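The residues making up each chain are set out below.
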Amino acid sequence: MQPPASPASPGSPASRADCLALDAADPLAPLRAEFALPKDRIYLDGNSLGVLPVRTPELVRRTVEQEWGQGLITSWNEAGWVDLPFTLGAQLAPLIGAGGHEVLVCDSVSVNLFKVLTAALRLRPGRRTVLGERTTFPTDLYIAEGVTGLFEGGRTVLLDSLDELDARLTEDVAVVVLSQVDYRTGVLLDLAEITERVHRAGALMVWDLCHSAGALPIELAAAGVDFAVGCTYKYLNCGPCAPSYLYVAERHQGVAEQPLTGWFGHAEPFAFVPEYRPADGIGRFLTSFPPLLALAGVRASLEVWQQVDLAQVRAKSLALTGLFMDRLAELDVVTPREPERRGSQVAIRHPDGFPVVQALIERGVIGDFRAPDLMRFGFTPLYTSYTEAWDAAEAVREVLASGEWRAERFSRRGAVT
Ligand SMILES: *Cc1c(COP(=O)(O)O)cnc(C)c1O
């Protein structure tokens, strides 16, 4: 019943034994021990919610029992709480090619996007259009609509394809907002090249890094990017709904004005004066203090990231996704074959993608489904092995060949797919 394996591309492992050998030689393999991996499961959904680092529970417990329980109010200073949005931002900065003083950990992606998009529009006073891609993760588009709605004559224009970008970069475009890696297809955009084109047209560039940070090296400063946002709970493994981050290029920090002017963005929050005066640096992009217990998850996971070489992450990511695509080449794989055009996930189109994914989950292979017809498999090089990629591809082939996904129980949908 099983369809024949398609021929592998050069360099791709040809057998499970080859994968075992690759795992034995993998320089990232020791990092697997840093993660509390689920038993008897192959977890290919780290692009949606990263796995729990083993050091996180202890740090969360210490934050609760010692810093909160014992230190109480003194922990703001003694435990360095008050600096955390900055110190964690500085630890995260190398992962996205930013200076340590250009990144802040706080709020959600949507809220941070609201702040940086508004700031960007204000930096281009004669211009009123925000350009985005129609297929972008919808919250980014909803926020763009919300922001442009606050500006007289403001509008959000959505491209059906990036091929239209140059034609649509008219004199009214203030900002372009794009995701570096598409959350559905895994398509990777050329961040530096697009940023340059946008700048040539006089507009500012905002990148969403949710599906790229932690999966590949990113060079925001070198590319002259203006603003960026991203979440910490996908490839960065900081925990469900952990605070996200924002990046503001140094050159904008003294002049950019964000709209959510809360007390923690004030130059002197503890002066308690009635007038708002923004902090000098990136601190003006704070609003309130981010949830402190959730920051413990960010602290723990960024400790793990300090040991990681992103070039090794990228090389393994491409090898894992390449192997998976090779083994399933007879299917409708929508993720690009060219390494420079893909992130760290593989998307496969299938009209019955939903029940197929459910059948895979029952077999212990955890991927997910995005409407209307995409099955997504995320590869997280810190904890996914070559053998798991091989076994997961075999499971996909078996589920499709056996037709087991047709069982009625696989068609029932929960609130989250
Ligand atoms: C996951 C994700 C978000 C999440 O937004 P929140 O406001 O933090 O819930 C935003 N944008 C993209 C592209 C994402 O992938």
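Residues numbered from 1 in each chain as written. Predicted model: local features only at pLDDT ≥ 70, side-chain atom pairs only at ≥ 80, totals over all residues. Heavy atoms only, no water.

Q: So what about the sheet that holds strand β9 (residues 332-333)? Which residues, and what values?
A: Judged by pairing direction, the sheet is antiparallel, and its four strands sit side by side in the order β9-β10-β13-β12 without closing on themselves. Unpaired on one side and paired on the other, β9 and β12 (368-370) mark the two borders of the sheet. Of the pairings in the sheet, the one linking strand β10 (residues 345-349) to strand β13 (residues 374-378) comprises five bridges and is antiparallel in character. When the bridges of β13 are listed, R349 appears paired with L374. (Pairing = 2+ DSSP bridges. Helix = DSSP H or I, 4+ residues; strand = E, 2+ residues; numbered from the N terminus.)

Q: Could you give me a rundown of the UniProt feature "modified residue: N6-(pyridoxal phosphate)lysine" (unreviewed entry) in the protein chain, with the residues and numbers involved?
A: The feature "modified residue: N6-(pyridoxal phosphate)lysine" (unreviewed entry), as given by UniProt, occupies K234 in the numbering adopted here. K234 gets classed as buried once you look at its relative accessible area, which sits at 8%. Each residue touching K234, except ones within four places of it in the same chain, is listed here: G46, N47, S48, G50, C210 and H211. (UniProt positions renumbered as here; feature names shortened; annotations may be inferred. Buried < 20%, exposed > 50% of the residue type's maximum accessible area, 1.4 Å probe, protein only. Contact = heavy atoms within 4.5 Å.)

Q: Before we move on, can you summarise the pairing of strand β3 (residues 129-133) with the specific residues and values?
A: Extensive coverage of β3 is indicated by the burial of five of its five residues. A two-sided burial pattern is seen for β3, the buried positions comprising T129, L131 and E133 on one face and V130 and G132 on the other. Sheet topology places β3 next to strand β4 (residues 155-159); five bridges connect them, and they run parallel. Within β4, the position partnered with T129 by the bridge is R155. In this fold, the crossover linking β3 to β4 by way of helix α6 (residues 138-148) has right-handed handedness. Judged from the three bridges that link them, β3 and strand β5 (residues 173-179) form a sheet pairing that is parallel. Considered in β5, the bridge of L131 is made with V176. (Right-handed = clockwise from strand over helix to strand, strands pointing away.)

Q: Break down the UniProt feature "binding site: pyridoxal 5'-phosphate" (unreviewed entry) in the protein chain for me, with residues and values.
A: If you check UniProt for "binding site: pyridoxal 5'-phosphate" (unreviewed entry), the listed places come out as S110, F137, P138, T139, D140, D208, H211, Y233 and W263 in our numbering. The greatest C-alpha distance among the residues just named is 31.1 Å, and with 154 residues of sequence between them they are spread in space as well. A relative accessible area of 28% places P138 in the partly exposed class. For D208, the location among the structural elements is in strand β6 (residues 204-208). For D208, a relative accessible area of 3% gives the class buried.

Q: So what's going on with the nonpolar core? Residues and values would help.
A: Among the nonpolar cores identified, the biggest contains 95 residues, and I96, L117, W207, L209 and F227 are the most heavily contacted of them. Here this core takes eight residues from helix α5 (residues 109-122), the largest share from any one element. Inspection of this core shows a minimum of three residues originating in each of domain 1 (16-34 + 309-411) and domain 2 (57-305). Aside from chain neighbours lying at most four places away, what touches L209 is I96, Q180, L191, I218, L220, A228, V229, G230 and Y245. One finds V346, V356, A392 and A395 within the second-largest nonpolar core, a separate group that totals 30 residues. (Core = buried A, V, L, I, M, F, W, Y, C linked by side-chain atoms within 4.5 Å. Domains from an automatic or database assignment.)

Q: Explain a nonpolar patch on the surface to me, and be specific about the residues and the numbers.
A: The grouping of W68, L72, I73 and L293 at the surface amounts to a nonpolar patch, some 440 Å² of accessible area in total. Mapped onto the elements, L72 comes out in the loop between α2 (56-70) and α3 (75-78). (Patch = residues over 30% accessible without salt bridge, like charges linked within 9 Å, V, L, I, M, F, W, Y side chains within 5 Å. Areas by Shrake-Rupley, 256 points an atom, 1.4 Å probe, with all protein chains shown as cover. Salt bridge = Lys/Arg side-chain N within 4 Å of Asp/Glu carboxyl O.)

Q: Explain the packing of aromatic side chains to me, using residue names and the numbers behind them.
A: For the coordinates displayed, the defined rule picks out 15 aromatic pairs. Seen in terms of ring centroids, F35 and Y383 are 4.9 Å apart; in terms of plane orientation they differ by 55 degrees. Their pairing is tilted. Taken together, the residues F35 in the loop between α1 (16-25) and β1 (42-43) and Y383 in the loop between β13 and α13 (386-402) connect sequence positions 348 residues apart. Pairing W76 with F264 gives two aromatic rings, centres 6.4 Å apart and planes at 25 degrees, and the pair type is stacked. Placement of W76 in helix α3 and of F264 in the loop between α9 (250-253) and α10 (292-305) is noted, with a sequence separation of 188 residues between them. Exposure remark for F264: the relative accessible area of 10% places this residue in the buried category. These aromatic residues form a ring-pair network of at least three members: W76, W81, W263, F264, F270, F272 and F289. It is K234 that lies over the ring of F137; its NZ or CZ is 5.3 Å from the centre. Against the face of W390 rests R327, its NZ or CZ located 3.9 Å from the ring centre. (Phe/Tyr/Trp six-rings, centres within 6.5 Å; stacked < 30°, edge-to-face > 60°. Lys NZ or Arg CZ within 6 Å of the ring centre and 35° of its normal.)

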